[in-house]
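Residues per chain are reported as follows:
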Amino acid sequence: MTESLPYGPGGRRVERAGPRVLVVTAVDAERDAMAAALGAGPPVPVPVAARTLHRVTSDGFRVDLLAAGVGPAAAAAGTASALTAATLVGAGYDLVVSAGIGGGFQPEAPLGSLVVASGIVAADLGADTADGFVPTTELGFGTVEYRPDAALVARVAGATGARTGAVLTVSTVTGTAARAAALRARHPGALAEAMEGFGVAEAAGAVGCPVVELRAVSNAVGPRDRAQWRVGEALAALATASARLTPVYADPTARR
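Residues numbered from 1 in each chain as written. Predicted model: local features only at pLDDT ≥ 70, side-chain atom pairs only at ≥ 80, totals over all residues. Heavy atoms only, no water.

Draft legend 1. A look at unusual backbone geometry. The omega angle of the peptide bond from Gln106 to Pro107 is 5 degrees, so this bond is cis rather than trans. Looking at where Pro107 falls in the secondary structure, it is placed in the loop between β7 (95–104) and β8 (114–122). For Ala49, which is not glycine, the phi dihedral falls at a positive 55 degrees. Looking at the element boundaries, Ala49 is found in the loop between β4 (44–48) and β5 (51–58). (Helix = DSSP H or I, 4+ residues; strand = E, 2+ residues; numbered from the N terminus.)

Draft legend 2. Inspection of the packing of helix α1 (residues 28–36) against helix α6 (residues 231–244) at higher detail. It is the contact of α1 with α6, at a shortest axis distance of 7 Å, that shows an interaxial angle of 40 degrees. On the basis of their axis angle, the class for α1 and α6 is oblique. Here the hand of the crossing between α1 and α6 comes out right-handed. Touching Ala29, Glu30, Ala33 and Met34 of α1 are Leu235, Leu238, Ala239 and Ser242, all from α6. Within the contact of α1 with α6, the residues separate by chemical class into six nonpolar, one polar and one charged. (Axes fitted to C-alpha atoms, helices over the stretch in contact; angles between N-to-C directions. Parallel < 35°, antiparallel > 145°, perpendicular 65-115°, else oblique. Left-handed = near helix turned anticlockwise from the far one by under 90°. Contact = heavy atoms within 4.5 Å. Nonpolar A, V, L, I, M, F, W, Y, C, P; charged D, E, K, R; others polar.)

Draft legend 3. Here's a closer look at the side chain of Glu193. By secondary structure assignment, the location of Glu193 is in strand β13 (residues 190–194). One buried charge, Glu193, has no salt-bridge partner; the nearest side chain with opposite charge is Arg179, at 4.4 Å. Looking at Glu193, its side chain comes within polar contact range of the side chain of Thr174, at 2.7 Å. Discounting residues that sit within four places of it in the chain, Glu193 has contacts with Gly102, Gly103, Phe105, Leu168, Val170, Val173, Thr174, Arg179, Leu183 and Val221. (Buried < 20%, exposed > 50% of the residue type's maximum accessible area, 1.4 Å probe, protein only. Lys, Arg positive; Asp, Glu negative; His and termini not counted. Salt bridge = Lys/Arg side-chain N within 4 Å of Asp/Glu carboxyl O. Polar contact = N/O pair within 3.5 Å; in protein donor to acceptor, adjacent residues only side chain to side chain.)

Draft legend 4. Main features of the pattern of salt bridges. For the structure shown, the criterion picks out 10 salt bridges. Beyond isolated ion pairs, a larger network of salt bridges with shared partners links Arg20, Arg55 and Asp64.

Draft legend 5. Main features of helix α3 (residues 150–160). When we look at burial in α3, the residues that qualify are Ala151, Leu152, Val153, Arg155, Val156, Ala157 and Thr160. The secondary structure elements touched by the buried residues of α3 are β7, β8, β12 (163–169), β14 (211–220), α6 and α7 (246–250). Gly161, located one to two residues past α3, shows a positive phi value of around 75 degrees.

Draft legend 6. Local environment of the packing of aromatic side chains. Tallied over the full model, the rule gives two aromatic pairs. A centroid spacing of 5.9 Å and a plane angle of 55 degrees characterise the contact between Phe61 and Tyr249, whose relative ring orientation is tilted. Taken together, the residues Phe61 in strand β6 (residues 61–67) and Tyr249 in helix α7 connect sequence positions 188 residues apart. Accessibility expressed as a relative area gives 1% for Tyr249, which makes it buried. Geometrically, the ring pair formed by Tyr146 and Phe198 is tilted, given 5.5 Å between the ring centres and 55 degrees between the ring planes. Of this pair, Tyr146 sits in strand β11 (residues 145–146) while Phe198 is found in helix α5 (residues 197–206), placing the two residues 52 residues apart along the sequence. By relative accessible area, Phe198 is classed as buried at 6%. (Phe/Tyr/Trp six-rings, centres within 6.5 Å; stacked < 30°, edge-to-face > 60°.)

Dropping the structure here:
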């Protein structure tokens, strides 16, 4: 059943078919893996400001997928643009998903596994001091963590088979054993690191939209060894997870 929404700018009427979900990735390959697995035909390009959403409409829900760029700033800007554009035509989103591949802390998050964030943490937002790293919250301002709704996290984990734990957002990917150890010491519950989740969460949080982060592990957090990366496996795992998320997309607010 299609619900008619109020007129948007220019007198344009917007039609809404069930819940609307915004999936934000960093790059096209992640976006395309998430889109293809939905099995609802090829995505329809939808221009939004200087960006393009890829829209997939299925029975009972609609998913807009956006490759917003690498890093928390690009992720926040792209997510905010999409959220604002949707709100202006009276068709705001019911859920935002930050999705993509990332590094996994070993052995808790092996290559090819999935992680859903119980906490979305800005791991390098703060200051270096003689006594070590200090997060911005200890400097008296800002926030460094979003806690997605626990029931939503449980549903995503149950649907996809993902592990649950903190996912760290970093602006510089970890490339040494020393930095990996430092991150573990500061965030003992962390399972993965990536570069966009906190930016997506900031934008979603600003408009009160639920957010969740899902990562497929392509490499180990630590020394860079490209020969050991499993990007293809991680993208395949991401696609499989996307297909299994359709019950969540169809009813984002269900408690179980």
